[in-house]
Amino acid sequence: MENLYIHIFLLFLVVITSVFAVSHFRIIRGAILLGGVSFFVSIILFMLKAPMAAMFELSVCAGLITVIFISVISITNPPYIDQRKQNRISMWKKIVALLSIILVCGVCIYIIDEKNIAFIPVMKNASAAAMTTKDSIWNMRHVDLIGQALILLTGIFAVVVLFKKGKDEK
Amino acid sequence: MNAESLILFKLYIMVTPLLFIIGLFSIMTTRNIVAIIIGIEIMTKGVTLLFATSGYFSSKPEITQNFIIVMIIVEVVILTIAAGLIINIAKKYDSLSTKNIRNLKG
Amino acid sequence: MFLLLVLIPLILVLLLNINLYKAGQKTAVFAAGLFSLFQMFFVFSPKFLSTSFADMLSLKFECDGISWIMLFTISIISFASICVLYASETLSSRKKFNFANLILLSMAGMNGLVFVRDIFSIYVFIEIIAATSYVLIALDKTKKSLEASFKYLVLSSVATVMMLSAIAVLFMAAGSTEFVKVAEMYKQYGTNPLIIAATIFFIAGLFIKGGVMPFHGWLPDAYGAAPNPTSVFLAGIVTKTTGIYTLIRLYAIFDFSYSVQMVFLVFGALSVIVGAFGAINQNNFKRMLAYSSISQVGYIVLAFGSGTIMGVFAGMLHLFNHSVFKALLFVNASAIDSELKTNEIDKMAGLSSQMPVTSTTSIIAFLSTAGIPPLAGFWSKLLIIIALWFSGNREFAVVAILASVLTITYFLIMQKKVFFGKLKEKFYTIKEAPFAIRFASLFLCAITVLTGLFFPLILNFMGFLFSF
């Protein structure tokens, strides 16, 4: 049961941090809290037996993405605090969001009462002798490697197109 | 699957839609376009958790690790494109508020 | 062998960018154009034609009838888009170079998408196509195109997250992401509430990407505000591939179940009606074409909803026809835009005397959309209505016929306003569109007319290909 309490605590941290990240008042705090969310998610990934994904998530999301956000926020001048006060969201949308959260929580509590174990779809005959190391996995999925090469090239082109000042710009 | 892992599974299945709702709330109700991208990122974290859950509970965590890594790489590229768009929008419109970026109807 | 169509654009892009020799924009545009022509003729080689429709769920990288139609359509539309790019005058040389490279990457992504038989790889290639689309829409960095690209990015990312969550749940239940294994899992767990929720999420995500009601909000902005070659490319093939082609693959996995059929029928009918009504009082030419796209995509989803093999076949045929004539209409819109520098319908009148090629091909494209015999649109709409009627969904067939009347209405209004009537004063000196745009529109128009006239032959050919 120790395991369960640690999971509950970490998930609670993730949810609280993400709530603070979106209900920010200054947006730089939102970006830093997003880095915090990534950090906690990475710890959970480590506990769910996915160590390499946890390392990747930690280095990329909690590092690179936070840096990208902060540089974007710094380059574009964020509005001052008085202007931010004018941009308050309307009551209608808050009510709709609150109702949907209550709905989802209600559905979840209903699900929690379900005691039937066959309710969860899991493969019955899990073959344990399938793969042991991660290297043998990539022998199976060549297509994804080509896909990743293509998307990295797209990223390079995006940087070239969007970030360079053209000669015919004002 | 014994009862304890069942409770764990239900916990994860409960938290992931909550993260979706938080992200979606942020996208729908904010006036700042950088906050919209933060909302998208939070939704992606929710899906990452869901992938890890599905790997753990079907006892094949290696394959889902690959999925998560591919997903993170794709997400970084999309975020770079979004960042480029935001910088150009801020230059052209001189503001980061969606009240002012309403040039197109609908 | 099939992998060549994905690897060759990748190698071309890499070669164009190593600065061993100064690859200017003409080299890039020619390389992209030559590759699309190569693909157009390569799909007729015997290796491609030897597979059959019945293998809808085969392993790894294979090509069957549906993939063949998609490959052919991709090559035609890319070629038309590159012709428009070649003749475009508002984009600088550096931007044309980037554009050609991005079109090559996007074609590689789409070619890969129609080959894979694995739901996670579908996600990867859909993201490649989407990422290139975001950059292509925002390429000329005007205010409107940046905003449209940003809206498309947000909605498409939400759709991706929904798709991914469904993929995670399906993977947990099936133990693997290949189509065959997921289909087996559906037979066992088809009525599990969690699996049903995952299916709904997946279909909703694909509806957002394909622009079906009620998630069509981004479509008019993205089509209207994008630069001209991008509009041709986007409207012709990107929405169809990522939305509709993936729907038909998923449909095969879900085993043509009844509730999925009802969803397709209802949302398809809504799309048809809303698109038709939305197009009637639009002032911008491109936005009107975007609403018409929503309507026609609704027809394709209706065809899939009928649940029979004939419905699937009619849907694929209408996809091909719609891609061709919608691309033709967008090519003409870009011709008008490049000569008149405007897209507002109120400012255009009586262009048929000055631009004969554009107006003739537009008339043929409008007639094909409305479903007038003997053009291609008539045959595919007829097949859709027959498929709906004989599978028992008679009320939807009636809806399709009535919406066809609406389509004829708004296109006649459009035709009269733009091309007939009295020519305005300031337009006396405009000339016909540049040669490349004329060539592209004549080429697409020829395909529409030939498909319509020689339809029985094409039916035989498709029958051989699909072996029914």
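Above this note sits the structure.
Definitions and limits used
Numbering of residues begins from 1 in every chain and follows the order in which that chain's sequence is written. Numbering of ligands from 1 and lettering of chains from A proceed in the order in which they are written. Given that the model is predicted, a residue must reach a pLDDT of at least 70 before its local features are reported, and side-chain atom pairs must reach 80 or more before they are shown or counted; all residues, however, enter totals for whole chains, interfaces and linings. Each residue gets a C-beta atom placed from its backbone, and two residues are in contact if those atoms lie within 7 Å. Numbered from the N terminus, helices here are DSSP runs of H or I no shorter than four residues, and strands are runs of E no shorter than two. Put simply, Ala, Val, Leu, Ile, Met, Phe, Trp, Tyr, Cys and Pro go in the nonpolar bin, Asp, Glu, Lys and Arg in the charged bin, and everything else, Gly too, in the polar bin. With axes taken as lines fitted to C-alpha atoms, and helix axes fitted only over the stretch in contact, angles between N-to-C directions fall between 0 and 180 degrees. Note that the term roughly parallel is reserved for angles under 35 degrees, roughly antiparallel for angles over 145, roughly perpendicular for angles of 65 to 115, and oblique for everything else. The handedness criterion is simple: a crossing whose near helix is rotated anticlockwise from the far helix by less than a right angle is left-handed, and one whose near helix is rotated clockwise is right-handed. Helix span, as expected, comes to 1.5 Å for every residue beyond the first. A residue's bend is given by the angle between axes fitted to the 7 residues ending at it and the 7 residues starting at it. Exposure in this text rests on C-beta crowding, where 20 or more other C-beta atoms within 10 Å of a residue's own make it buried, 12 or fewer make it exposed, and counts in between make it partly exposed. The C-beta atoms are placed from the backbone. Each nonpolar core consists of buried Ala, Val, Leu, Ile, Met, Phe, Trp, Tyr and Cys residues. Their C-beta atoms, within 7 Å, join them into a set. Those domain boundaries reflect an automatic or database domain assignment.

Draft legend 1. Here's a closer look at the interface of chain A and chain B. In this complex, chain A contributes 66 residues to the contact, which on the side of chain B involves 65 residues. Counting only elements with at least two residues in the side of chain A that touches chain B, the list comes to α1 (2-22), α2 (27-47), α3 (51-75), α5 (91-112) and α7 (142-163) of chain A. Residue contributions to the side of chain A that touches chain B peak at twelve residues, all from α3(A). A class-by-class count of the residues in the side of chain A that touches chain B yields 49 nonpolar, ten polar and seven charged.

Draft legend 2. Broad picture of the packing of helix α3 (residues 61-93) of chain B against helix α7 (residues 143-174) of chain C. In the contact formed by α3(B) and α7(C), the axes pass within 10 Å of each other and the chain directions differ by 155 degrees. Classed by the angle they form, the pair α3(B) and α7(C) counts as roughly antiparallel. Pair α3(B) / α7(C) crosses with left-handed handedness. Contacts between α3(B) and α7(C) involve Met71(B), Ile78(B), Ala82(B), Leu85(B), Asn88(B), Ile89(B), Lys92(B) and Tyr93(B) on the former and, on the latter, Lys143(C), Leu146(C), Glu147(C), Ser149(C), Phe150(C), Leu153(C), Ser157(C) and Leu164(C). Partitioned by chemical class, the residues of the contact of α3(B) with α7(C) number ten nonpolar, three polar and three charged.

Draft legend 3. Just α3(A), in detail. Between its first and last C-alpha atoms α3(A) spans 35 Å; for 25 residues at 1.5 Å apiece the expected length is 36 Å, and the two agree. Glu57(A) marks the point of greatest bend in α3(A), at about 25 degrees. Within α3(A) the residues assigned to the buried category are Ala53(A), Ala54(A), Glu57(A), Cys61(A), Ile65(A), Phe69(A), Val72(A) and Ile73(A). Against the buried residues of α3(A) lie α2 of chain A together with α2 (33-57) and α3 of chain B.

Draft legend 4. Summary view of the interface of chain C and chain A. Facing 31 residues of chain C, the contacting portion of chain A comprises 20 residues. For the side of chain C that touches chain A, the secondary-structure elements that each account for two or more residues are α1 (4-17), α5 (93-113), α6 (119-137), α7 and α9 (193-210) of chain C. Looking at the side of chain C that touches chain A residue by residue, the classes come out as 20 nonpolar, nine polar and two charged.

Draft legend 5. Local environment of the nonpolar core. Counting residues in each nonpolar core, the largest one holds 248 residues, and the members touching the most others are Ala80(C), Val135(C), Leu302(C), Val331(C) and Ala400(C). Looking at this core element by element, the count peaks at 21 residues for α7(C). Domain assignment of the residues forming this core places at least three in each of domain 1 (1-100) and domain 2 (134-164) of chain A. The contacts of Val135(C), once residues within four sequence positions are left out, are Phe157(A), Ala158(A), Val161(A), Ile81(B) and Leu102(C).

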